[in-house]
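So you can see what is in the structure, the chains are spelled out below.
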Amino acid sequence: MPDSRDVTVCDWEREPDPSDSLRTFGAVVQALREHAGLSRAEFGARVRFSRHTVESVELGRRMPDESFVERAEEALGDTGALRKAARHLTRGEAGLAAWFRRWARLERAAVSLGTYECRLVPGLLQTEGYARAVFETRIPPLSDEQMETQVGARMERQSLIRELPNTCFSFVVEECVVQRPLGGERVLRDQLDHIVGLARLRNVSVQIMPTRTTSHAGLDGPLALLETPEGRALAYSEGQESGRLITDVKQAAVLHRRYATLRAQALTPPDSVGLLERIRGEL
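Residues numbered from 1 in each chain as written. Predicted model: local features only at pLDDT ≥ 70, side-chain atom pairs only at ≥ 80, totals over all residues. Heavy atoms only, no water.

(A) Geometry of the environment of Arg-244. Looking at the secondary structure, you find Arg-244 in strand 6 (residues 242-246). A relative accessible area of 46% means that Arg-244 is categorised as partly exposed. Along the chain, Arg-244 and Arg-102 lie 142 residues apart, while their C-alpha atoms are 9.8 Å from each other. In this structure, Arg-244 is in contact with Ala-235, Tyr-236, Ser-237 and Gln-251, ignoring residues within four places of it in sequence. Engagement of the side chain of Arg-244 in a polar contact is seen with the side chain of Gln-251, the distance being 3.4 Å. (Helix = DSSP H or I, 4+ residues; strand = E, 2+ residues; numbered from the N terminus. Buried < 20%, exposed > 50% of the residue type's maximum accessible area, 1.4 Å probe, protein only. Contact = heavy atoms within 4.5 Å. Polar contact = N/O pair within 3.5 Å; in protein donor to acceptor, adjacent residues only side chain to side chain.)

(B) Highlighting the pairing of strand 1 (residues 112-117). Across the six residues that make up strand 1, a large majority, five, are buried. Bridge analysis of strand 1 against strand 2 (residues 168-174) gives six bridges, and the strand direction is parallel. Residue pairing across strands places Leu-113 opposite Phe-169, the latter belonging to strand 2. Across five bridges, strand 1 lies against strand 4 (residues 223-227) in antiparallel orientation. Each residue of the ladder has a partner; that of Leu-113, found in strand 4, is Leu-226. (Pairing = 2+ DSSP bridges.)

Pasting the structure below:
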């Protein structure tokens, strides 16, 4: 598989090409599964992935991780075909909004990433259940196929955190966001557990902005920031049905200063984890 850091700043200027390799790999998995006489649900049980994940891989919407490839190989005859095919996989961009694709590609090469969110749990921290709850509220409604594409893309993007252990990931999230039972209390419990688990990684910092605060540097809304390997500071601002990559040095610098202030105003990472655990315990 290609090194995720093989992305340069010039990628701002073009949209990514779709990945045929994902669709081809998925078609091979589907053909082998059907030849074995297994339904997606039955195959999913054997490889310990959900039917939705199996479907997303077979339709080329989701990059299979190593565990999926290994388990699928064993379940489908251990011929070596899937292992060999997986070596040629390249990431596609299905499920990502057109205005977000350039930023998503820059994320893969960043040495640091920062996110402030006041609406919902940041995408990089979402569980599959939470992501589904988010997309189920979309207006106009998504079709089943669109839903799987969106969820698959979001889950694939999350691999950044573990694939880039030398990249620093920082998140500042409003307290009200982690108290909102989007999708129900069970979904929220799983989501809180997931955030706490990620917050314990050495390259991840999660801070909660308390609701009862008298000073707040993020009142202009959500923002995302990153630093390139060359040391350039970039920013991204997203609204409804739109998003903007901010490359102007002065504008990006202002947003980076705001984010630094936000981190100083939010609870410390240990105190934030403690708050998340208390909220989880009350559910």
